[in-house]
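Each chain, letter by letter, is given below.
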Amino acid sequence: MALIEDVDYQMRVILSGVAECLPEGDLRSKVERSIEKGRPLRIKFGVDPTRPDLHLGHAVPLRKLRQFQDLGHTAILLIGDFTALVGDPSARDVTRPQLSPEEVKANAETYTSQAFHILDEKRTVVDYNSRWLAPLTFQELLRLTANFTVARMLERDDFSRRYSGNVPIGLHEFLYPVMQAYDSVALEADVEIGGTDQIFNLLAGRELQKAMGQEPQSVLTLPILVGLDGEKKMSKSLGNHVGLTDPPDEMFGKLMSLDDRLMPDYFRLTTSMSPDDVDELLADLESGKLHPAQAKRRLAREVVKLYWGEGAAQAALEGFDRVFKQREVPEDIPEVMVRESDLSEGKIWLPRLLLLAGLASSTSEGRRLVSQGGIKLGEAVVEDEDLELLSDELDGLIIQKGKRHFRRIVKK
């Protein structure tokens, strides 16, 4: 794709949703020279495949990388298969457990397949930092580490907290910023993007490039996406996440539960809408021309379309309307098989049934859901946490948890 030759437009797109651009003015000069010489910038985004499943928070920098692609620049998706063996200490109060090479490889394959829901695979350079880090000799490593000081490392908040609190810091963790910095040298990166928690590592890349005779990269940091609860950063463990592989209906329903205050950030950071279109929509929302519920439907539809396509987004919207507007039961309800061996004297305790149906992670959670009125059997809300269901009552029974989760029991 040819470079877009409008510097102001490029900068407006690039800086949309960005937390910080360092140093100021440096990136604009790079863009101007890129257009003048007809040479696309090399944009680096590195990720350590430490987990197999991604959520919208992980996708924020991938969205920015895609914007660079659409402006005509070269997107480099760097898989940190070597650095993942160490683990990024950023924002960590304890040493991250080290992964095996087999775990890293499996996670990397899953990560790239999910990343290409956002990136244009044909226009993405995928590289692995084991290509240049694994062959380094000890002598070469000493030369690299000579460009950094212990005092500089201890300026990092996470390291200084652990050091002052007598919490162990592994020597290998000090090497992590060095390795990430050397990635920028090996790739001759013009720009590197990452989360706000990555600022130390990103700036280390600038320092090492300068020390090794390269033009230092520009640095773009992106906000950490707040989860659906509007309180803490998106996290699977906190249950406030939207997974990239969540089914369309579930993805749509989760986004419809989003705190209204987060809509501006979500439109800018999680959709493929242009900055101008987002500005117009948010202006309509602010003026009252657009109702928040309609804006949220647009948001949910845009996100589902991005990962599952137009047809799935429309079907998810219609399914949501059937359940929440028309109060109908969904057409496609997951079925759960209950066998005689699951019963006790021809009965089953409701919290245990919720556990078997995947609607609770434990019978304790099942009891809590029931006592809080979060469970329906058919059309009736059940609040008796000691309720036992007879075998004859189970076949075809529809259980509903909250607003979005349904199961149909099949008795065998």
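Structural notes, computed from the coordinates. Predicted, not measured: the structure shown is a model, and the values here were computed from it.

## Thoughts on the sheet that holds strand E9 (residues 375–377)
Each strand in a sheet pairs with another by means of backbone hydrogen bonds, the pair being arranged parallel or else antiparallel.
Phase 1: One open sheet holds the five strands; their spatial order is E7-E13-E12-E9-E10, and the pairing between them is mixed. One side of each edge strand has no neighbouring strand; the edge strands of this open sheet are strand E7 (335–338) and strand E10 (380–382). Geometrically, the sheet is characterised by an average inter-axis angle of 30 degrees between neighbouring strands, direction not taken into account.
Phase 2: Sheet topology places E9 next to E10; three bridges connect them, and they run antiparallel. Across the sheet, residue Leu377 finds its bridge partner in E10, namely Ala380.

## A look at the packing of aromatic side chains
Phase 1: One pass over the full model with this rule turns up one aromatic pair.
Phase 2: Taking the centre distance of 5.5 Å and the plane angle of 50 degrees together, the rings of Phe252 and Phe320 count as tilted. Taken together, the residues Phe252 in helix H11 (residues 248–256) and Phe320 in helix H15 (residues 310–325) connect sequence positions 68 residues apart. Here Phe252 and Phe320 have matching classes, each one buried.

## Topic: the sheet that holds strand E5 (residues 191–195)
Phase 1: Here we have six strands laid out as an open sheet, ordered E1-E6-E5-E2-E3-E4, and mixed in their pairing. Both edges of this open sheet fall to strand E1 (20–22) and strand E4 (124–128), since each of them pairs with a single strand only. When the angles between neighbouring strand axes are averaged without regard to direction, this sheet yields 25 degrees.
Phase 2: Alignment of strand E2 (residues 42–47) against E5, held across two bridges, turns out to be parallel. The partner of Lys44 across the bridge, within E5, is Glu192.
Phase 3: Contacts between helix H2 (residues 26–37) and the sheet are confined to E1, E5 and strand E6 (218–222), with E6 contributing the most and set at about 115 degrees to the helix.

The rules behind these values
- Throughout this description, residue numbers start from 1 for each chain and increase along the sequence as written.
- Predicted model: local features are reported for residues with pLDDT of at least 70 only, side-chain atom pairs are reported and counted for 80 or more only, and whole-chain, interface and lining totals are derived from all residues.
- Side-chain calculation: all heavy atoms of the structure are included, whereas hydrogens and water are not.
- When DSSP locates at least two bridges between a pair of strands, those strands are taken to pair.
- Going along the chain from the N terminus, every DSSP run of H or I of four or more residues is numbered as a helix, and every run of E of two or more is numbered as a strand.
- Axes here mean lines fitted to C-alpha atoms, for a helix over just the part in contact, with angles spanning 0 to 180 degrees between N-to-C directions.
- The rule is short: rings of Phe, Tyr and Trp, with Trp giving its six-membered ring, pair when the centres are within 6.5 Å, and they are stacked under 30 degrees, edge-to-face over 60, tilted in between.
- Only protein chains enter the calculation, and the probe is 1.4 Å; a residue is then buried if its accessible area is under 20% of its type maximum, exposed if over 50%, and partly exposed in between.
- Pairs of residues are marked as contacts when any of their non-hydrogen atoms sit within 4.5 Å.

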